Amino acid sequence: MPTVVRRYTFRLYPNKSQMSKLFEARRLHCYLYNAAISQRKTDYQYFSKSVTYLQQQNALPAFKECWPEYKELNSQTLQATLKRVDLSYNRFIKGLSQKPKFKSIRNYSGWTYPGYSGWNALTQGKHGQVRLRDLGITIRMRGQAKQWGTPTTLTIIYKPYLNQWFASFTVNVEVPNRKFGSDSDLKYESILSIDLGTETALTAYNGQEFLEIENQRFTREAEKKIKSASKKLRRKRCPNYKEKIKASQRWKKARKQVSLLQRKVAEQRKNWQHHVTTDISRRYDIVVTEKLETKKMTRKAKPGSKRKRQKAGLNKSILDVGFGTLNKMITYKVEAKGGLALFLPTRKIKPSQRCPKCGTVHKDWADLSNRYHVCRNCNFENGRDKSSVMVMYNVACQKQPGLGTRLESKTCSCGGNLRELPCSIVDLISSTSKTGKHTGSMKQLGEMKRQKSQQHKKSLGHLETPTSQKLG
Ligand SMILES: [Zn+2]
């Protein structure tokens, strides 16, 4: 059975002495983080040298001699904290984010156990305890995982606004094999195509009927309340740490009110998403949808644009539906039962511009205000969202006119057997769905190290042979 990685988060319930140990560890990790940034900064500024992760990692033992309180902490967690610095610098160098800054303890979330050492999860997926061996504490935790497996990493998180601690595990979970293949019993009825939109949050098509779900607009309903609450917040005395002004009690209270409201909206949205995606993944084996780029879609309007307010409204609607999260949820839920989620490359397929019946591409259909489509070629007419889900459904079944030949040429060993056809689409998708933004994880780092040491050995071997020949 193939395994996939899942993340599950449990809430921790530490007692007083455990809490103080957790806070102490968090403080130490925060100082280490800042020290690592400081070293990189000064070395670059004064000696124009750039420090690598490995240099910092190798300096850890000496660092511990100077600061003996770090000896108690698990050394892998310290490495993981240094890795956080490295990742944020890599992101900065690649132009993906701002220059890393020192973090105040207020904004420092926690630390990670990147491997098996230093901790145990005493749970079978529901409630239980977590043991942090380096701190010598066992903390009660509550939470539930849908499917449990082998936990591989642990991240301890503190949320200052809530004053709550969390344990976030990555777990290797076994999922059933994909259903297709030679003895597949997959039928057409179990394919569903989905289009996410703003008017109707979700339009789906299963070959016979359409399913439409209205946008709930959580943000807008709660917006008035949030606005008035944040206005109250602005009128209280806020903290200014540089000028040593403390926050007033009323400010703290008001801030809690705002964050509670925001949290409520988030929970509502999440609940709705889970309902929708669970329902879909129970009933269908293959889910087809467009590949989205939410980040680009929800970009702010350009400065000076006349349609600033409209764009802001559209962004809100997109984020209300939660396009990205919905897709992720559908994917893991469908895969958990052995199904497949397909993400079609929008530019190749053009679902919103293509006529589902004859395959003609109409460029004017791309205009978002055009809600109803009539084909000039075959007089087919339908709503914008409906016709685009029909196109996606047809693509998944390989019967979309105008695209069929191109897809057929990609068909793999199943020889155009319609029942097994997803393989050909899998090829198409897998070639497009990978996005390269990796900046080097702990795992990759380990592989790099291994390669390096092998190369080193090889080069030593090369050096040795010629000299021995000469000697001979
Ligand atoms: Zn047509």
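Since we're looking at a predicted model, the values are computed, not measured.

### Some points on the coordination of the zinc ion
Part 1: Distances from the zinc ion to its protein donors, Cys355 (SG), Cys358 (SG), Cys375 (SG) and Cys378 (SG), fall at 2.2 to 2.3 Å.
Part 2: Classification of the site at the zinc ion as tetrahedral follows from its 4 donor atoms and the range of 108 to 112° in their angles at the metal.
Part 3: Along the chain, the residues donating to the zinc ion fall in the pattern C-x2-C-x16-C-x2-C.

### A word on the sheet that holds strand β11 (residues 286-290)
Part 1: Strand order in this open sheet of 5 strands is β10-β9-β8-β11-β12, and the pairing throughout is mixed. Looking at strand neighbours, the two that pair on one side only are β10 (210-214) and β12 (340-344), the edges of this open sheet. Strand after strand, the sheet turns through a mean of 20° between neighbouring axes, direction not considered.
Part 2: Of the strand pairs in this sheet, strand β8 (residues 191-196) and β11 are connected by 4 bridges, and their pairing is parallel. Within β11, the residue paired with Ser193 across the bridge is Val288.

### Considering the packing of aromatic side chains
Part 1: Considering all chains together, one arrives at 15 aromatic pairs under this definition.
Part 2: Judged by centre distance (5.9 Å) and plane angle (85°), the ring pair of Phe10 and Trp148 falls under edge-to-face. Highlighted residues: Phe10 in strand β1 (residues 3-13) and Trp148 in the loop between β5 (137-142) and β6 (150-159), separated in sequence by 138 residues.
Part 3: Here the aromatic rings of Tyr89 and Phe92 are separated by 6.4 Å at their centres, their planes lie at 80°, and the arrangement is edge-to-face. Of the two residues, Tyr89 and Phe92 both sit in helix α4 (residues 75-93), 3 residues apart, roughly one turn of that helix.
Part 4: One aromatic cluster is present, built from ring pairs that chain together Tyr8, Phe10, Trp119, Trp148 and Phe169.
Part 5: Positioned over the ring face of Tyr53 is Lys83, at 4.9 Å from the centre of the ring.
Part 6: For the cation-ring pair, Lys386 lies above Phe210, with the distance from its terminal atom to the ring centre recorded as 5.2 Å.

What counts as what
- Residue indices begin from 1 for each chain and proceed along its sequence in written order.
- Given that this is a predicted model, residues contribute local features only at a pLDDT of at least 70 and side-chain atom pairs are listed and counted only at 80 or more, while totals for whole chains, interfaces and linings are drawn from all residues.
- Water and hydrogen atoms were dropped before computing side-chain values, which therefore reflect all heavy atoms in the structure.
- Atoms are scored as donors when they are N, O or S and lie within 2.8 Å of the metal, with 3.2 Å used for Na, K and Ca; no water is included, so coordination may look incomplete.
- A site with four donors is called tetrahedral when every donor-metal-donor angle falls between 85 and 135 degrees; four donors are called square planar, and six octahedral, when opposite donors sit more than 155 degrees apart and all other angles fall between 65 and 115; any other arrangement is irregular.
- Two strands qualify as a pair provided DSSP detects at least 2 bridges between them.
- The helix and strand labels rest on DSSP assignments: H or I over at least four residues marks a helix, E over at least two residues marks a strand, and numbering proceeds from the N terminus.
- Fitting a line to C-alpha atoms yields each axis, with helices limited to the stretch in contact; the angle taken between N-to-C directions then spans 0 to 180 degrees.
- Note on aromatic contacts: the rings of Phe and Tyr and the six-membered ring of Trp form a pair at centre separations within 6.5 Å, being stacked when their planes are under 30 degrees apart, edge-to-face when over 60 apart, and tilted otherwise.
- Two conditions define a charge sitting above a ring: the NZ of Lys or the CZ of Arg must be within 6 Å of the ring centre, and it must be within 35 degrees of the ring normal.

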